[in-house]
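Architecture and fold: a report
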Amino acid sequence: MPTLRILHLADIHLGIENYGRTDAVTGLSSRLGDFLNSLNEALDWALQNDVHLVLIAGDIFKNRDPTPTVQREFARCIRKLSAAGMPTFILVGNHDVPNALQRANTVEIYSTLAVPQVVVAHKPGVHSLDTRVGPVQIVAVPWLSRSYLLSNKDFRNLDPDGLNKELLNLVERFIDDSVQKLDPALPTVLTVHASVQGAVLSSEKDIMLGQDVVLPKVLLANDAFDYVAMGHIHKHQVLSYQRPPIVYPGSLERIDFGEEKDRKGFVSVEIDEPGPDGVREVRHEFHEVSARRFVTVRVNAACEFPTEEVLRRIEERADDIREAVVRVVIETAPEYQRDLRQDEIRHALNALRPSFVTVAVNSARAHRLRLGEGMIEQMTPRQALEVYLRDKETTPARVETLLKHFDKLQSIVAESARPTGD
């Protein structure tokens with residue numbers, strides 16, 4: 001069998017409209033256009049680069065009830081793949097699962113209509129798909145919610161910890177049983193929509209539906225699999241470079257400013273024929289898409305001419321601001337805030353044609369700005385330390401802890417400095 005090429009993507013989240021505006025012609029959110037552009041960029045890459053299988057590891061839509069318009073746009077993407085004869089495997093994620101067990105999930109329609117070349121996995125199972133270079137085995141573990149277990153009366157009296165333990169046991173038993181059924185002569189992919197121990201989050205925790213069951217990495221690291229295609233966490237990362245590679249492609253678009261620095265894209269996978277030792281060589285590569293940029297512009301405007309300082313910073317960041325989702329955070333002092341000409345600031349921003357812009361003015365922290373202009377001399381060492389920590393955006397709990405340690409050290413120093421009697 002020649003080298004098998006797979007496009008692995010996940011967490012598409014069509015329907016998210018945060019930081020978007022309505023298109024005057026189509027009436028659709030500009031953010032829907034962003035998400036569709038990134039998705040089509042990935043799928044077009046597959047069609048142009050001799051890919052044999054597209055694997056989507058869950059979370060097609062923003063929520064369990066996508067609008068007809070959003071469903072239509074995704075259907076157009078699937079039709080494009082189907083018309084090209086591209087096998088497409090869709091794993092159901094937590095955003096695709098209905099809140100009632102008997103309700104249809106958001107992608108079930110493709111199975112119901114038996115759309116050519118499309119397979120949807122809404123429950124654990126082992127699938128065999130034919131590709132242009134031969135068959136491939138896919139062991140699928142979709143998002144398993146607690147309601148999946150609660151449908152069994154034996155588990156209804158368990159507390160949340162007990163349900164989590166049973167879900168882990170279920171996944172472990174399913175993977176062990178599936179391995180026994182596999183044909184070792186065929187390439188095999190395990191795909192899972194879940195959190196794995198050691199994975200690094202971005203900000204998607206804020207939009208997750210339902211509580212996570214975290215899988216131990218060792219549970220997935222079975223050498224019966226050539227590749228483990230993960231979904232659910234938005235930050236691209238490789239959890240294991242050993243056999244099998246365990247890879248999150250991350251999401252295709254940024255959800256919020258928590259993902260501002262994340263690269264967005266998909267993963268291409270190549271699985272070779274077995275070597276003399278019977279082991280298949282596997283290569284994977286991350287490909288970045290042209291996702292909408294998120295840009296934060298922070299301005300210290302605690303000065304005599306705050307508007308001019310903000311305009312100067314905007315001009316410095318002009319190239320970054322163009323066509324990006326932008327937030328401008330202005331830090332100033334109450335005595336200077338009244339001199340901020342926000343209409344002029346917004347006009348300068350809009351002239352650079354950002355995709356979306358928001359401006360926030362924060363004067364609550366002004367006491368820590370411009371410390372070089374005589375203010376530092378008026379502070380005690382403890383006050384100076386507190387200002388420093390807050391300037392570094394240290395969490396309030398950690399500030400409190402560090403200040404307690406400072407007080408303790410200061411007491412020790414004071415005690416040691418006291419004169420002792422003869």
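For the structure itself, consult the block above.
In this report, we go over the structure that sits alongside the text. Everything numeric here is computed off the predicted structure, so don't read it as measured data.

Here's the deal with the overall build of the chain
From N to C terminus, the chain includes twelve helices and 17 strands. When burial is assessed residue by residue, the chain has 46% of its 422 residues classed as buried. Long-range contacts, defined here as pairs at least 24 residues apart, represent 70% of the contacts in the chain between residues at least 6 apart. Total accessible area on the chain is roughly 21,400 Å²; 49% of this is exposed by carbon and sulfur atoms.

Observations regarding the nonpolar core
Ranked by size, the top nonpolar core spans 35 residues in total, and within it Leu-9, Ile-12, Leu-14, Leu-39, Val-54, Phe-74 and Ile-90 carry the most contacts. Within the residue set of this core, elements represented by two or more residues are strand 1 (4-9), helix 1 (30-48), strand 2 (53-56), helix 2 (68-83) and strand 4 (118-121). Counting residues per element, this core draws most heavily on helix 1, at seven residues. Grouped together as the second largest cluster of nonpolar side chains are 25 residues, Val-213, Leu-219, Val-228 and Ile-233 included.

Observations regarding the sheet that holds strand 1
Sheet architecture is open: six strands sit in the order 4-3-2-1-13-14, paired in mixed fashion. Edge positions in the sheet fall to strand 4 and strand 14 (280-288), since each has one partner strand and no second. Averaged over all adjacent pairs, the angle separating strand axes in this sheet is 20°, with direction ignored. Two strands pair when backbone bridges link them, and strand 2 and strand 3 (residues 88-91) are joined in this way by three bridges, in the parallel orientation. Among the inter-strand pairings, Ile-56 is bridged to a residue of strand 3, identified as Ile-90. This element, helix 1, spans strand 1, strand 2, strand 13 (265-274) and strand 14 of the sheet and lies at about 180° to strand 1.

Examining unusual backbone geometry
The omega angle of the peptide bond from Arg-243 to Pro-244 is -5°, so this bond is cis rather than trans. As for its position among the elements, Pro-244 is in the loop between strand 11 (237-240) and strand 12 (246-248). For His-13, which is not glycine, the phi dihedral falls at a positive 55°.

Observations concerning the pattern of salt bridges
Proximity of charged atoms lets side chains of opposite charge pair with each other. A full pass over the atoms with the stated rule returns 24 salt bridges. One salt bridge in this structure joins Arg-280 and Asp-226, with 3.8 Å as the shortest N-O distance. Placement of the pair is Arg-280 in strand 14 and Asp-226 in the loop between helix 6 (217-220) and strand 10 (227-231), with a sequence separation of 54 residues. Residue Arg-280 shares its accessibility class with Asp-226, and that shared class is buried. Salt-bridge contacts for Arg-283 lead to Asp-272; the nearest nitrogen and oxygen are separated by 2.7 Å. With Arg-283 in strand 14 and Asp-272 in strand 13, the pair connects residues that are eleven residues apart, well separated along the chain. Judged by its relative accessible area of 14%, Asp-272 is buried. Taken together, the shared-partner salt bridges connect Arg-5, Asp-50, Arg-132, Glu-270, Asp-272, Glu-281 and Arg-283 into one network.

A look at the packing of helix 7 (residues 306-316) against helix 10 (residues 342-351)
Where helix 7 contacts helix 10, the axes come no closer than 10 Å and their chain directions differ by 10°. Relative to helix 10, the element helix 7 is oriented roughly parallel. Judged by residue contacts, Thr-307, Val-310, Leu-311 and Ile-314 of helix 7 engage Glu-344, Ile-345, Ala-348 and Leu-349 from helix 10. A class-by-class count of the residues in the contact of helix 7 with helix 10 yields six nonpolar, one polar and one charged.

A closer look at the side chain of Glu-73
Relative to the elements of secondary structure, Glu-73 occurs in helix 2. The class for Glu-73 is buried, based on a relative accessible area of 11%. A polar side-chain atom of Glu-73 sits 2.9 Å from a polar atom in the side chain of Arg-76.

Considering the packing of aromatic side chains
One pass over the structure, following the stated rule, counts six aromatic pairs. Aromatic side chains Phe-61 and Phe-74 sit 5.7 Å apart centroid to centroid with 75° between the ring planes, which places their arrangement in the edge-to-face category. In this pair, Phe-61 sits in the loop between strand 2 and helix 2 while Phe-74 sits in helix 2, placing the two residues 13 residues apart along the sequence. Take Phe-61 and Phe-74: they sit in the same class, and that class is buried. The structure contains a cluster of three or more aromatic residues connected by ring pairs, namely Tyr-19, Phe-257, Phe-294 and Phe-356.

Overview of the environment of Leu-14
With respect to the helices and strands, Leu-14 occurs in the loop between strand 1 and helix 1. The sequence separation of Leu-14 and Gln-71 amounts to 57 residues, and the corresponding C-alpha distance is 8.6 Å. Beyond its immediate stretch of four places on either side in the chain, Leu-14 contacts Leu-32, Phe-35, Leu-36, Leu-39, Ile-60, Phe-61, Lys-62, Val-70 and Phe-74.

Scoring rules and cut-offs
- Residues numbered from 1 in each chain as written.
- Predicted model: local features only at pLDDT ≥ 70, side-chain atom pairs only at ≥ 80, totals over all residues.
- Heavy atoms only, no water.
- Helix = DSSP H or I, 4+ residues; strand = E, 2+ residues; numbered from the N terminus.
- Buried < 20%, exposed > 50% of the residue type's maximum accessible area, 1.4 Å probe, protein only.
- Contact = heavy atoms within 4.5 Å.
- Areas by Shrake-Rupley, 256 points an atom, 1.4 Å probe, with all protein chains shown as cover.
- Core = buried A, V, L, I, M, F, W, Y, C linked by side-chain atoms within 4.5 Å.
- Pairing = 2+ DSSP bridges.
- Axes fitted to C-alpha atoms, helices over the stretch in contact; angles between N-to-C directions.
- Salt bridge = Lys/Arg side-chain N within 4 Å of Asp/Glu carboxyl O.
- Parallel < 35°, antiparallel > 145°, perpendicular 65-115°, else oblique.
- Nonpolar A, V, L, I, M, F, W, Y, C, P; charged D, E, K, R; others polar.
- Polar contact = N/O pair within 3.5 Å; in protein donor to acceptor, adjacent residues only side chain to side chain.
- Phe/Tyr/Trp six-rings, centres within 6.5 Å; stacked < 30°, edge-to-face > 60°.

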